[in-house]
Amino acid sequence: MAGSTRLVKALYKFKMLKTTKNPEELAQIVPIASVYTVKVLDDIWKEDGNWDVLLEEKKRSLWDEMAILHFRASAAYRQSQFITAYRHQLDMYNAFLREFQNMSRWAVYALFAISKDLYDLARRADTQQSMVDSQANKVEEATRAINQGFSACMTDREPLLSKSRKWGTYHMANILFGLYLQFKAYNLCNSMIRAIKASELPSLDRFPMSDQVTFRFHRGTLAFRSEKYSIAKEDLLFALEHCHRDAYKNKTRILMHLTPIMMMEGKMPHSRLLRRYPRVRSIYGPLVKAVKSGDLQTFDKQLRAVEQQLVSLGLYMATEYVRKLVIRQLLYKVFLIEGRASRVPFSKFQAGFAVAGFPQMEIAEVECILADMIFSGYVKGYLAHDHGLAVLSKQMPFPRISTLHNNPSP
Amino acid sequence: MSTIQNAQTDEKKEQTQAGTDAAAQQAPVANVLEEDDEFEEFKVEVVRTKKPLDKHKTKYGLTNYLLLKPYNLDWNQDDEDKDDAALWDDNWDDDDLEDDFSKQLRVELEKASQPEAMAISN
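An unreviewed UniProt entry lists chain B under the name 26S proteasome complex subunit SEM1, from Coemansia umbellata. Of the comments in the UniProt record for chain B, the one headed Function (unreviewed entry) reads "Component of the 26S proteasome, a multiprotein complex involved in the ATP-dependent degradation of ubiquitinated proteins." Chain B has a UniProt comment under Sequence similarities (unreviewed entry) that states "Belongs to the DSS1/SEM1 family."

As annotated in an unreviewed UniProt entry, chain A is COP9 signalosome (CSN) subunit from Coemansia spiralis. Turning to chain A, the UniProt annotation filed under Sequence similarities (unreviewed entry) states: "Belongs to the CSN12 family."

(A) Up close: the overall build of chain B. Of regular secondary structure, chain B possesses 3 helices and 1 strand. Put simply, chain B runs from its N terminus to its C terminus through helices and strands in the order α-α-β-α. Within chain B, buried positions represent 34% of all 122 residues. In chain B, of all internal contacts separated by at least 6 residues, the share reaching a separation of at least 24 is 56%. By element, 48% of the accessible surface of chain B is carried by carbon and sulfur atoms, the whole surface being about 8000 Å².

(B) The packing of helix α14 (residues 278–293) of chain A against helix α18 (residues 323–337) of chain A, seen in detail. Residues and elements named next belong to chain A. Packing of α14 against α18 brings their axes to within 7 Å, and their N-to-C directions diverge by 35°. Between α14, through A290, V291, K292 and S293, and α18, the contact on the second element is made entirely by L325, V326, Q329 and K333. By residue class, the composition of the contact of α14 with α18 is 4 nonpolar, 2 polar and 2 charged.

(C) Inspection of the UniProt feature "domain: PCI" (unreviewed entry) in chain A at higher detail. When the UniProt feature table is mapped onto this chain numbering, "domain: PCI" (unreviewed entry) sits at residues 213–397 of chain A. Secondary structure content for residues 213–397 of chain A is 69% helix and 7% strand, while the C-alpha to C-alpha distance between its ends is 41 Å.

(D) The sheet that holds strand β2 (residues 343–345) of chain A, seen in detail. Residue and element names in this part refer to chain A. If you trace the 3 strands from one edge of the open sheet to the other, you get β2-β4-β3, paired in antiparallel fashion. Pairing within the sheet leaves two strands with one partner each, and these edge strands are β2 and β3 (381–384). Direction aside, neighbouring strands of the sheet carry axes that sit 25° apart on average.

(E) Inspection of α18(A) at higher detail. Between its first and last C-alpha atoms α18(A) spans 21 Å; for 15 residues at 1.5 Å apiece the expected length is 21 Å, and the two agree. Taking burial as the measure, the 15 residues of α18(A) include 14 buried ones, the bulk of the element.

(F) Representation of the side chain of T252(A). Residues and elements named next belong to chain A. Mapped onto the elements of the fold, T252 is located in helix α12 (residues 248–264). Note on T252: relative accessible area 3%, which makes it buried. Discounting chain neighbours no more than four positions away, the residues touching T252 are Y277, R279 and V280.

(G) Quick peek at the packing of aromatic side chains. All names here are of chain A. For the structure shown, the criterion picks out 19 aromatic pairs over all chains. When the centroid spacing of 4.7 Å and the interplanar angle of 65° are considered together, the rings of W45 and W51 count as edge-to-face. In this structure W45 comes out as partly exposed when scored by relative accessible area, which is 40%. Overall, the relative accessible area of 10% leaves W51 in the buried class. Each ring, one from Y332 and one from F335, has its centre 6.1 Å from the other, and the planes form 25°; the classification is stacked. Placement of both Y332 and F335 in helix α18 is noted, with a separation of 3 residues, approximately one turn of the helix. In this structure F335 comes out as buried when scored by relative accessible area, which is 5%. The ring of Y36 has K13 sitting right over it, with the charged end atom 5.4 Å from the ring centre.

(H) The arrangement of the pairing of strand β4 (residues 389–392) of chain A in detail. All names here are of chain A. Where burial is concerned, the two faces of β4 agree: the one with L389 and V391 and the one with A390 and L392 are both buried. Sheet topology note: the β2/β4 ladder contains 3 bridges and is antiparallel. Residue P345 lies in a different strand from β4, and its bridge partner there is L389. Pairing between β3 and β4: 4 bridges, direction antiparallel. Residue pairing in the sheet places G381 in a bridge with L392 of β4.

(I) Local environment of the confidence of the model for chain B. All names here are of chain B. Within chain B, residue pLDDT values average 60, and 37% of them lie at 70 or more. Within chain B, strand β1 (residues 88–89) carries the highest mean pLDDT (90), whereas helix α1 (residues 20–25) carries the lowest (40). In the model, residues 1–27 has pLDDT below 50 throughout and makes 52 contacts with residues more than four positions away in sequence or in other chains. A low-confidence stretch, residues 54–68 (pLDDT under 50), is modelled with 20 contacts involving residues beyond four sequence positions or located in other chains.

(J) Main features of a negative patch on the surface. A surface patch of negative charge is lined by E47(A), D48(A), D52(A) and E56(A). Along the chain, D48(A) falls in helix α3 (residues 35–48).

(K) Here's a closer look at the domain arrangement of chain A. Residues and elements named next belong to chain A. Split into domains, chain A comes out as domain 1 (1–157), domain 2 (271–321) and domain 3 (325–403). Taking only C-alpha atoms into account, the centre of domain 2 sits 24 Å from that of domain 3. Taken together, the contacts link 11 residues of domain 2 with 10 residues of domain 3. Between domain 2 and domain 3, a total of about 800 Å² is buried, with carbon and sulfur atoms accounting for 66% of that surface. It is V291, G294 and L296 that lose the most area in domain 2 upon contact with domain 3, and together they represent 56% of the buried surface on that side. Taken together, domain 2 and domain 3 are joined by 0 salt bridges. Remark: the boundary between domain 2 and domain 3 carries 3 residue pairs in polar contact (both at pLDDT 80 or more). Looking at the side of domain 2 that touches domain 3, the elements with two or more residues in it are α14 and α15 (296–305). When the residues that make up the side of domain 2 that touches domain 3 are grouped by side-chain class, the tally is 5 nonpolar, 3 polar and 3 charged.

What counts and what doesn't
- Residues numbered from 1 in each chain as written.
- Chains lettered and ligands numbered in written order.
- Predicted model: local features only at pLDDT ≥ 70, side-chain atom pairs only at ≥ 80, totals over all residues.
- Heavy atoms only, no water.
- UniProt positions renumbered as here; feature names shortened; annotations may be inferred.
- Helix = DSSP H or I, 4+ residues; strand = E, 2+ residues; numbered from the N terminus.
- Buried < 20%, exposed > 50% of the residue type's maximum accessible area, 1.4 Å probe, protein only.
- Contact = heavy atoms within 4.5 Å.
- Areas by Shrake-Rupley, 256 points an atom, 1.4 Å probe, with all protein chains shown as cover.
- Axes fitted to C-alpha atoms, helices over the stretch in contact; angles between N-to-C directions.
- Nonpolar A, V, L, I, M, F, W, Y, C, P; charged D, E, K, R; others polar.
- Pairing = 2+ DSSP bridges.
- Expected span 1.5 Å × (residues − 1).
- Phe/Tyr/Trp six-rings, centres within 6.5 Å; stacked < 30°, edge-to-face > 60°.
- Lys NZ or Arg CZ within 6 Å of the ring centre and 35° of its normal.
- pLDDT = per-residue confidence, 0-100.
- Patch = residues over 30% accessible without salt bridge, like charges linked within 9 Å, V, L, I, M, F, W, Y side chains within 5 Å.
- Salt bridge = Lys/Arg side-chain N within 4 Å of Asp/Glu carboxyl O.
- Lys, Arg positive; Asp, Glu negative; His and termini not counted.
- Charge placed at Lys NZ, Arg CZ, Asp CG, Glu CD.
- Domains from an automatic or database assignment.
- Buried area = accessible area lost by both parts, 1.4 Å probe.
- Polar contact = N/O pair within 3.5 Å; in protein donor to acceptor, adjacent residues only side chain to side chain.

Structure below.
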């Protein structure tokens, strides 16, 4: 059969899929390197020795046009012509979106597939482009298109919920998170979250668990970034609890953010937990140990050693807040060693700081730290400045940290 | 599944210059975070359920998740690990003074007691 005949058959198949509305089939065929697509291209090549038939301009229906663009994109992709492939894929995507407005829930799975392909091609195209000039802006362009796909899901007016495209919203949002985070567009992430909140969607817990966990992870880490630690904790704990047990890397990622929040609240990761996640242990293990012993010097040393890694994940500041607990513990140890005396001279605390790696600390500085600890509620008592000592409360001078305020303060 | 969707990201994480000097002075902890440390899409190959959800029995009578749509990944409690969310210890600030650091503290505080007795006047 001539290449053109093979192509006509392929277009017919696409047409049929649109009619039968089979979600799985369309989603399986529409990826740029799908088994079916590869086969069609191979068949055409076998007949014609080229793919020219794909480039013939004819009057076609929108759906046929979309299908042709898909094959063009795939052919260019096969030849590693990513810039061309991207262009075709973008045109295909826009054509699909126009049809998509009149399609229901079954088509969202195909949208997911072509969105991911668009993103991947955009990245490859930008890489190729950046070798030529500085016009590498395909990812941004792709993001705008995918954003339209997301809107097409979220704003569906289909009255019958079971047929609504809304069921694709969170999955598309998760794709967009990945894109926005590539160029650190946190404001766009947050606007998207607000838009979702304002729209009328089925509640998150009715979506597939993979959508829920991924969305909560992103929403949680964004809240973390805005220092809204209590809110972040809710989402991250859910994500940790419900993440599939085999998705080890994802669990690790969740823990990287959750651990400093829990530590701030005085809850240390159990050694069993750290054993299971060696990456988490290598960063936070020594910090946990330093908190428990009040060893400020070791804490600071470890913080410096992992600083760049923490910074790259946006975790540095939060982990720094944990430092207050180390100070609290140091003061507590001094108190214990002094036989739980309710009157402790500043000079004793000063000696404690000296052991903890700060021999140069002046009494005034010690007093200042004590004042801050009392103000924050870590220590109960007052300072008798003229007598050079701290007068500690007879009852619970060092309240258990986990019973203190829920919102850790810097 | 098309290979394009399994492609690894090749983005480099940006590192700031903050504290590079300080960090250089300490022996750095080996970078345990690989470049590919974005939150990964849950994929069929990784996610295997122990027990199938009834509503996902395929029309061929098979109950293996591998045959399901990759985009509708759902699982139940049997495939989750509730332990991890519970392994947080708030009972740690005990009065243990047996660690090395505490012992050091004790030694220094006892030393500090002697000159102090002369310094504080009543």
